[in-house]
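In case you want the letters, here they are:
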Amino acid sequence: MSDKKTYYITTPIYYPSDNLHIGHAYCTVAADAEARFRRLEGYDVMFLTGTDEHGQKIERKAIEAGKTPKQYVDDIVEGILELWKVLNISNDRFIRTTDDYHVKAVQKIFKELYDRGDIYKNEYEGWYCTPCESFWTEHQLVDGKCPDCGREVELTKEESYFFRLSKYQKRLEELYEKNPNFISPQSRLNEMLSNFIRPGLDDLCVSRTSFKWGIPVTFDDKHIVYVWVDALSNYITALGYGSDDDSLYRKYWPAQVHLVGKEIVRFHTIIWPAMLMALDLPVPEMVFGHGWLLLEGGKMSKSKGNVVDPLVLCERYGTDAIRYFLLREVPFGSDGVFSNEALINRINSDLANDLGNLVSRTLTMSEKYFNNEITASGVTDPLDDELKAVAAEAVSKYAGLMEQLLFSNAFSEVFRLVSRANKYIDETMPWKLAKDEASRGRLQQVLYNLCEALRIVAILCQPAMPDTSAKILSYLGVDEADCTWDTAANFGATKAFHTSKGEILFPRIDLEKELDALEKDKKKRAAEAEKAAKKAEKAAKKAHHGEEAPAEITIDDFAKLDLRVAEVTACEVVPNSDKLLKLTLRVGDETRTIASSIRPWYSPEELVGRHIIIVANLKPAVFRGVESHGMLLACDNTEDDCKLIFADDCTPGRKVR
Ligand code: MSP
């Protein structure tokens, strides 16, 4: 085994529920830059990312798309892998929570927690937010809605398994106290303490029975494992924990850092360490909660129609420019606003002007004055010491900042060196030196110093802009493999440069023209997306109307349905819902309640007294607080009309077959 120090870094595993947007790319690019930096420093790095594929949200999306959940996620994961390829993400492993080894390991973890007495069975009643896959108590809701995303929640009542989270309250508090960086930055620690820890931790519901798309509990397969228990476990199952070969787990765990967005810090800093404590495993060293990349008008979301597609940006401006912008523009712990204007300005000022100019001026002069062969002449000047001092300072500050994940500040140091080197050209005036043969030695030293400065800049840029860094080194004629981290702090490490003038690294962008073009492009894409959505909706409706025949069933399958005639004895509107009516029904001697989304087509008055057909043996479900026992038979008559199937001549309670 190598004696290199290990460094294990993770991103969250992403929900494959939609195309990923620039906000998702933000975290992955940051993790990638840190992973590349640590490799450069000489660490043996394990960088993990992946996809979080179970849960009710995915199950529903798959149904909407007319696919099985696995087909649905397979298609989306392909796109995610493609995006990471385009963004030049250097992950060492990619985990999918539908991977067999993960499923088995999660089942073992769940059983182990149960055997240790940290998971027990009880009855759960509470509010569930499907988009966030989170449970909330009544008092945690804000205006009756999910406190995280503001969307509707559903009252859920089911037999569930619970994790004894409350038991770990004290140990968690000790963890935070002894390791002040465990929750970083500091502001996130304060949020966790005041919002969750101080009010007291409740035990956590960790299984579900109301849907199927998840990992079954081995000893009670009616239950599936709560998606966050499933997802958080990825950080160790990806390393083989719970499998026959756990060598990677033993080598890399505990992780040095989990990078996560601020809204999921609580899962990573409360539930995850408590789970690990319950399993007697070490906890990660740090959970870093970064801010959100917002658009004017709020967080990016598909439903708001304000997502920015990273593929489009990479295609237009190049991957390195996007990576650099993401790391440089916004301090990593804070929220930041994305705008095309800020992106273009950043590309123009830092990359096209400052870096681009330094590269092209140096290489042009090397060719013009020395036929591309540069070595030191030893004819020095105090100005050289200043340049060297700025380079040395940049390297040491950069390292400290990168180690703290302060990417923006770290790259601001690199660009301080770039500016200093540009200023060095203005001060030394090589074009003047070139006019006087007696200054040739000095001119040679100036160009050597510029090549050295550029070599150091290229090394420091490598985590953010790997391709650009490689290009600069190749233009300087130095071998990338020789540009190790130690050589960044050693001005003079390269003895000879054999330069060549390459392509322009970052062409300058005309802001006005580009913004215009982007606006047109946006409109075009919106029109295309609308067209595609309409087409998909039409196809789904077509399938729904039976024009595409569903799979054959046997008479035994049909016999499983208990269809009955029912009389509507009362009917009322469900408060706070545009769609739901609550129907009281007489089915033979029995009275039952059904909530149905037929309010857009029927008023309560016109239904009372009518006989309808219901599915009587459907599993009860709660809609907006109404416990519904069954379903009404109805026909999607046109795209926006629905008709109930009336059976006024038939007797309530009689079977329909
Ligand atoms: N599946 C969970 C994570 C499980 S980790 C064990 C999840 N997935 S997610 O796809 O919804 O989000 C993944 C990450 O993307 C989160 O860290 C989230 O904060 C981040 N972002 C999503 N939108 C974002 C922005 N607009 N800006 C920055 N990060 C954002 O949560």
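Nothing here was measured: the structure is a model prediction, and the numbers come from that model.

Caption draft 1: Seen up close, the overall build of the protein. Counting its secondary structure elements, the protein contains 22 helices and 27 strands. In terms of its C-alpha atoms, the protein occupies a principal-axis envelope of roughly 115 × 55 × 45 Å. Within the protein, the proportion of its 657 residues that are buried is 51%. Considering only intrachain contacts with a sequence separation of at least 6, the fraction spanning at least 24 residues in the protein is 75%. As displayed, the protein offers around 30600 Å² of accessible surface, 49% of which is attributable to carbon and sulfur atoms. Considering the protein, the positive charge centre built from 84 side chains and the negative charge centre built from 103 side chains are found 1 Å apart.

Caption draft 2: The arrangement of the side chain of threonine 428 in detail. Structurally, threonine 428 can be placed in helix α15 (residues 407-428). On the basis of relative accessible area, threonine 428 is assigned to the buried category, the value being 11%. In terms of polar contacts, threonine 428 uses its side chain to reach the backbone carbonyl oxygen of tyrosine 424, at 2.7 Å. When near neighbours in sequence (up to four residues on either side) are disregarded, threonine 428 contacts Leu383, Leu433, Arg442 and Val446.

Caption draft 3: Expanded view of the sheet that holds strand β2 (residues 44-51). Ordered in space as β3-β2-β1-β11-β12-β7, the six strands form an open sheet in which the pairing is parallel. With partners counted over all chains shown, the strands left at the sheet margins are β3 (93-96) and β7 (183-184), one partner each. Here strand β1 (residues 6-14) runs beside strand β11 (residues 257-261); their pairing, made up of two bridges, is parallel. Counted as the bridge partner of threonine 10 is histidine 258 from β11. Where helix α3 (residues 69-86) meets the sheet, its contacts fall on β1, β2 and β3, and the angle it forms with β3 comes to roughly 160°.

Caption draft 4: Just the packing of helix α14 (residues 382-403) against helix α17 (residues 440-461), in detail. Closest axis-to-axis distance for the α14/α17 pair is 11 Å, and the angle between their directions is 5°. As the angle between them shows, α14 and α17 are arranged roughly parallel. Contacts from Asp384, Leu387, Ala391, Val395 and Tyr398 in α14 reach Arg442, Gln445, Asn449, Ala453, Ile456 and Leu460 in α17. Split by residue class, the contact of α14 with α17 holds seven nonpolar, two polar and two charged.

Caption draft 5: Fine view of the nonpolar core. Counting residues in each nonpolar core, the largest one holds 113 residues, and the members touching the most others are Leu259, Tyr317, Leu355 and Trp485. In terms of residue count, the dominant contributor to this core is α17 (14 residues). In this view, tryptophan 485 contacts Phe37, Leu40, Glu41, Val395, Tyr398, Ala399, Ile459 and Leu460; residues no more than four positions away in its chain are not counted.

Caption draft 6: Highlighting a nonpolar patch on the surface. Where nonpolar side chains cluster on the molecular surface, the patch consists of Ile553, Ile555, Phe558 and Leu561 and spans about 390 Å² of accessible area. Along the polypeptide, leucine 561 turns up in the loop between α21 (555-559) and β18 (563-573).

Caption draft 7: Seen up close, the packing of α15 against α17. Look at α15 against α17: their axes get within 10 Å of each other, and the N-to-C directions meet at 165°. Between α15 and α17, the angle is such that the two are roughly antiparallel. When you trace α15 past α17, the crossing you get is left-handed. Each of Phe411, Val414, Leu417, Val418, Ala421, Tyr424, Ile425 and Thr428 in α15 lies in contact with α17, whose residues at this interface are Arg442, Val446, Asn449, Leu450, Ala453, Ile456, Val457, Leu460 and Cys461. Tallied by class, the residues present in the contact of α15 with α17 amount to 14 nonpolar, two polar and one charged.

Caption draft 8: Broad picture of the layout of surface pockets. Reported here for the second largest pocket is a volume of approximately 290 Å³. Those elements that place two or more of their residues in the lining of the second largest pocket are α11 (310-317), α12 (319-329) and α18 (466-476). Looking at side-chain class alone, the lining of the second largest pocket contains eight nonpolar, three polar and seven charged residues.

Caption draft 9: Spotlight on the site of the ligand. With respect to spatial proximity, 24 residues lie near the ligand, and among them Ile13, Asp52, Gly261, Glu263 and Leu293 are the closest. The contact in question runs from a nitrogen atom of the ligand to an N or O atom on the backbone of isoleucine 13, over 2.8 Å. Between glycine 23 and the ligand, the recorded distance is 3.2 Å, taken from a backbone N or O atom to a nitrogen atom. In isolation the ligand offers 660 Å² of accessible surface; the protein chains occlude 95% of this area. Those elements giving two or more residues to the shell around the ligand turn out to be β1, α1 (22-41), α7 (227-232), α8 (234-237) and β11.

Caption draft 10: Broad picture of the sheet that holds strand β6 (residues 154-163). Strand order in the open sheet formed by four strands is β5-β4-β6-β8, and the pairing between neighbours is antiparallel. Strand pairing shows two members of the sheet lacking a second neighbour, β5 (134-136) and β8 (204-205), which therefore form its edges. One ladder, built from ten bridges, connects strand β4 (residues 119-129) with β6; its direction is antiparallel. When the bridges of β6 are listed, tyrosine 128 appears paired with glutamate 154.

Caption draft 11: Region of interest: α3. Compared with an ideal rise of 1.5 Å per residue, which puts 18 residues at 26 Å, α3 spans 26 Å between its outermost C-alpha atoms and is within 8% of the ideal. Among the residues of α3, Pro69, Tyr72, Val73, Ile76, Val77, Ile80, Leu83 and Trp84 are the ones counted as buried. Around the axis of α3, the buried residues are gathered within 120° of arc, so they sit on the same side. The exposed set on the far side of α3, more than 90 degrees from its buried face, consists of Glu78 and Lys85. Looking at the buried residues of α3, the elements they touch are β1, α1, β2, α2 (56-65), β3 and α11. Backbone geometry just after α3 places asparagine 88 at a positive phi near 60°.

Caption draft 12: Structural view of the packing of aromatic side chains. Under the counting rule described, the total for this entry stands at 29 aromatic pairs. Seen from their ring centres, tyrosine 161 and phenylalanine 219 are 5.6 Å apart, and the 85° between their planes marks the pair as edge-to-face. Highlighted residues: tyrosine 161 in strand β6 and phenylalanine 219 in the loop between β9 (207-208) and β10 (224-225), separated in sequence by 58 residues. Relative accessible area serves as the criterion here: at 3%, tyrosine 161 is assigned to the buried category. Ring pairs connect the aromatic residues Phe37, Tyr324, Tyr398, Phe411, Phe415 and Trp485, which therefore count as one cluster. Sitting over the face of the ring of tyrosine 15, lysine 57 holds its NZ or CZ atom 4.0 Å from the ring centroid. The ring of phenylalanine 646 carries arginine 610 above its face, with NZ or CZ at 3.7 Å from the centroid.

Definitions and cut-offs
- Residues numbered from 1 in each chain as written.
- Predicted model: local features only at pLDDT ≥ 70, side-chain atom pairs only at ≥ 80, totals over all residues.
- Heavy atoms only, no water.
- Helix = DSSP H or I, 4+ residues; strand = E, 2+ residues; numbered from the N terminus.
- Buried < 20%, exposed > 50% of the residue type's maximum accessible area, 1.4 Å probe, protein only.
- Contact = heavy atoms within 4.5 Å.
- Areas by Shrake-Rupley, 256 points an atom, 1.4 Å probe, with all protein chains shown as cover.
- Lys, Arg positive; Asp, Glu negative; His and termini not counted.
- Charge placed at Lys NZ, Arg CZ, Asp CG, Glu CD.
- Polar contact = N/O pair within 3.5 Å; in protein donor to acceptor, adjacent residues only side chain to side chain.
- Pairing = 2+ DSSP bridges.
- Axes fitted to C-alpha atoms, helices over the stretch in contact; angles between N-to-C directions.
- Parallel < 35°, antiparallel > 145°, perpendicular 65-115°, else oblique.
- Nonpolar A, V, L, I, M, F, W, Y, C, P; charged D, E, K, R; others polar.
- Core = buried A, V, L, I, M, F, W, Y, C linked by side-chain atoms within 4.5 Å.
- Patch = residues over 30% accessible without salt bridge, like charges linked within 9 Å, V, L, I, M, F, W, Y side chains within 5 Å.
- Salt bridge = Lys/Arg side-chain N within 4 Å of Asp/Glu carboxyl O.
- Left-handed = near helix turned anticlockwise from the far one by under 90°.
- 1 Å grid on protein atoms, 1.4 Å probe; cavity = no way out; pocket = protein on both sides within 12 Å on 5 of 7 lines; lining within 4 Å.
- Points joined across faces, edges and corners; volume = space filled by probe spheres on them.
- Near = heavy atom within 4 Å.
- Expected span 1.5 Å × (residues − 1).
- Arc of directions from axis to C-beta.
- Phe/Tyr/Trp six-rings, centres within 6.5 Å; stacked < 30°, edge-to-face > 60°.
- Lys NZ or Arg CZ within 6 Å of the ring centre and 35° of its normal.

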